[in-house]
Amino acid sequence: MGRHLNEAQVRAYHHDGFVFPVDIFTQAEAAAYRARLEASEAAHGGVNYTMKPYLAMTLADALAHNEALLDAVEDILGPDLLIWDGAFIIKEPGDGRFVSWHQDLTYWGIGPAEGVVSVWLALSHAWPENGCMRAVPGSHRSGVLAHDDTFGEGNLLSRGQTIAGGLDESAAVDIVLAPGQMSLHHGLVAHGSNPNTANERRIGFNLQFIRPEVRQMHMDDDSAMLARGRDACGNFRPEPRPSADFAPQSLAFARDIGERRQKMLFRGSGADAAKKDRYRAID
């Protein structure tokens, strides 16, 4: 038995490349977190796909350091955990936004793959009608697949990256989650999501955790936040936790790393500034 996951859940993660649902907090607690998020949106503007919101938002920081969440990640990666990235990913009713079939590690520049785990934490219901994540079991065992950059209209991905030649979706599984539940997925599992055709928002908080020995191959001076244990490798510049919401020092740090990370993500794409604005630093 792990700290949070049972043996069957750990086996499912390694066999399928993902596991769900993992209970983290109650639906009432999820509703309270959602209310805080939507109050922040009303006061400061939307945060959809804003890079590393936990650097400047105490709500995002609290979610990223939830003990049950970290226990589950530890069951996969071990006791020393760094937060490498994160974002709120929100689909509004009828907005047409989708995520094409892709593998996360295609453009991130970090590895090895076994040292990276992604979390998708639901603050609303996530089901097929509102565009829940879908994944193909076992696809993480195929290695890195070729991708095409599309910059397609409505695609939530930074480059609209899509697995070249398409994908057989017949085996795809809908990652259905209730508020307060999460999924864990491998960085090479093929996944995507359809548009929100329901009459409610789909709100998720996505996080990437890494072991300290993971390295960044395409960017100097990348950064990460120590979440648990210790960092004996020093491969990433340490990130500070926020002391208050949108503090000037926190915003300045977030903007700096956001600009650096954006250059890495769009290397070789020839993308113009408008396309790059899809994935931005918090402000």
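Going by the structure above, here's the rest.
Residue numbers run consecutively from 1 along every chain, following the written order of its sequence. Residue-level local features of this predicted model are given only where pLDDT is at least 70; pairs of side-chain atoms are given and counted only at 80 or more, and the full residue set underlies all totals for whole chains, interfaces and linings. Only hydrogens and water are removed before side-chain values are computed, so all heavy atoms of the structure are retained for them.

A. Broad picture of the overall build of the chain. Across its full length, the chain holds 7 helices and 17 strands. Two things to know: the radius of gyration comes from C-alpha atoms, and the globule rule equals 2.2 Å times the number of residues to the power 0.38. Taken over the C-alpha trace, the chain has a radius of gyration of 17 Å; the compact-globule value for 283 residues is 19 Å, and the two agree within 12%. Taken along its principal axes, the extent of the C-alpha atoms in the chain is 50 × 50 × 40 Å. The buried label applies to any residue whose accessible area, calculated with a 1.4 Å probe on protein chains only, is under 20% of its type's maximum; exposed applies above 50%, and partly exposed to all values in between. Counting only residues that meet the buried cut, the chain has 57% of its 283 residues in that class. Contact criterion: two residues are considered in contact whenever any of their non-hydrogen atoms come within 4.5 Å of each other. Counting contacts in the chain only where the partners sit at least 6 residues apart, residues at least 24 apart contribute 83% of the total. Between the mean site of the 27 positive side-chain charges and the mean site of the 37 negative ones, the chain shows a separation of 4 Å. In this text, helices come from DSSP runs of H or I with a minimum length of four residues, and strands from runs of E with a minimum of two, each type numbered from the N-terminal end. For the purpose of counting charges, residues Lys and Arg are taken to be positive, whereas Asp and Glu are taken to be negative. His and the chain ends are not included. For charged residues, the charge sits on one atom: NZ in Lys, CZ in Arg, CG in Asp, CD in Glu.

B. Main features of helix 4 (residues 67-77). Across the 11 residues that make up helix 4, a large majority, 10, are buried. Inspection of helix 4 places Ala-68, Leu-69, Leu-70, Asp-71, Ala-72, Val-73, Glu-74, Asp-75, Ile-76 and Leu-77 among the buried residues, and these make up the whole buried set. The backbone nitrogen of Ala-68 lies 3.0 Å from a side-chain oxygen of the residue at the head of helix 4, namely Asn-66. Immediately downstream of helix 4, the backbone of Gly-78 shows phi near 105 degrees, a positive value. Any pair of nitrogen or oxygen atoms within 3.5 Å is treated as a polar contact; in protein, a donor-acceptor pairing is required on top of that, and neighbouring residues in sequence qualify only through side-chain atoms on both sides.

C. Spotlight on the sheet that holds strand 11 (residues 181-186). On the basis of which strands lie adjacent, the open sheet formed by 7 strands has the order 1-11-6-13-3-15-16 and mixed pairing. With one partner strand each, in any of the chains shown, strand 1 (18-23) and strand 16 (237-238) form the two edges of the open sheet. For strand 3 (residues 81-91) and strand 15 (residues 223-228), the ladder comprises 3 bridges, and the chain directions are antiparallel. Counterpart to Ile-83 in the pairing with strand 15 is Met-225. Note on pairing: DSSP must find at least two bridges between two strands before they are called paired.

D. The pairing of strand 6 (residues 116-122), seen in detail. Counted residue by residue, strand 6 has 7 buried out of 7 residues, so it is predominantly covered. Across the two faces of strand 6 the burial is the same, with Val-116, Ser-118, Trp-120 and Ala-122 and Val-117, Val-119 and Leu-121 all buried. With 7 bridges joining them, strand 6 and strand 13 (residues 202-210) adopt antiparallel strand pairing. Bridge pairing in strand 13 links Val-117 to Phe-209.

E. Examining the pattern of salt bridges more closely. The salt bridge criterion pairs a side-chain nitrogen of Lys or Arg with a carboxyl oxygen of Asp or Glu, the two atoms within 4 Å. Within the structure shown, the criterion is met by 21 salt bridges. Across the pair Arg-228 and Glu-67 runs a salt bridge whose closest N-O atoms are separated by 2.6 Å. Of this pair, Arg-228 sits in strand 15 while Glu-67 sits in helix 4, and the two are 161 residues apart along the sequence. A salt bridge links Arg-97 to Asp-95; the shortest N-O distance between them is 3.8 Å.

F. The packing of aromatic side chains, seen in detail. Stacked, edge-to-face and tilted labels apply to pairs of Phe, Tyr and Trp rings (six-membered ring for Trp) whose centres lie within 6.5 Å, assigned for plane angles under 30 degrees, over 60, and everything in between, in that order. Here the structure, examined in full by the defined rule, presents 4 aromatic pairs. When the ring centre of Tyr-107 is taken as reference, the NZ or CZ atom of Arg-159 above it lies at 4.1 Å. Lysine NZ or arginine CZ positioned within 6 Å of the ring centre and within 35 degrees of the ring normal marks a charge as sitting over the ring. Above the ring of Trp-84, the side-chain terminus of Arg-261 is found at 4.0 Å from the ring centroid.

G. Expanded view of the nonpolar core. Put simply, a nonpolar core is a bunch of buried Ala, Val, Leu, Ile, Met, Phe, Trp, Tyr and Cys residues held in one set by side-chain atoms that sit within 4.5 Å of each other. Ranked by size, the top nonpolar core spans 64 residues in total, and within it Leu-69, Phe-88, Leu-184 and Phe-209 carry the most contacts. A total of 7 residues in this core trace back to one element, the largest contributor, which is helix 4. Among residues more than four places away in sequence, those in contact with Phe-88 are Leu-37, Val-47, Asn-48, Tyr-49, Pro-53, Met-57, Leu-59, Ala-60, Leu-63, Leu-123, Gly-204 and Phe-205.

H. Layout of the sheet that holds strand 7 (residues 133-135). Overall, antiparallel pairing links the 4 strands, which are arranged 4-12-7-10 in an open sheet. The open sheet is flanked by strand 4 (99-102) and strand 10 (173-174), the only strands paired with a single partner. Across 2 bridges, the pairing between strand 4 and strand 12 (residues 191-193) is antiparallel. Note that in strand 12 the partner of Val-99 across the bridge is Ser-193.

I. Seen up close, the side chain of His-102. Within the secondary structure, His-102 is located in strand 4. Note on His-102: relative accessible area 4%, which makes it buried. In this structure the side chain of His-102 is engaged in a polar contact, spanning 3.1 Å, whose partner is the side chain of Asp-104. For His-102, the residues in contact, after removing those within four places along its chain, are His-147, Leu-157, Gln-161, Ile-163, Val-189, Ala-190 and His-191.

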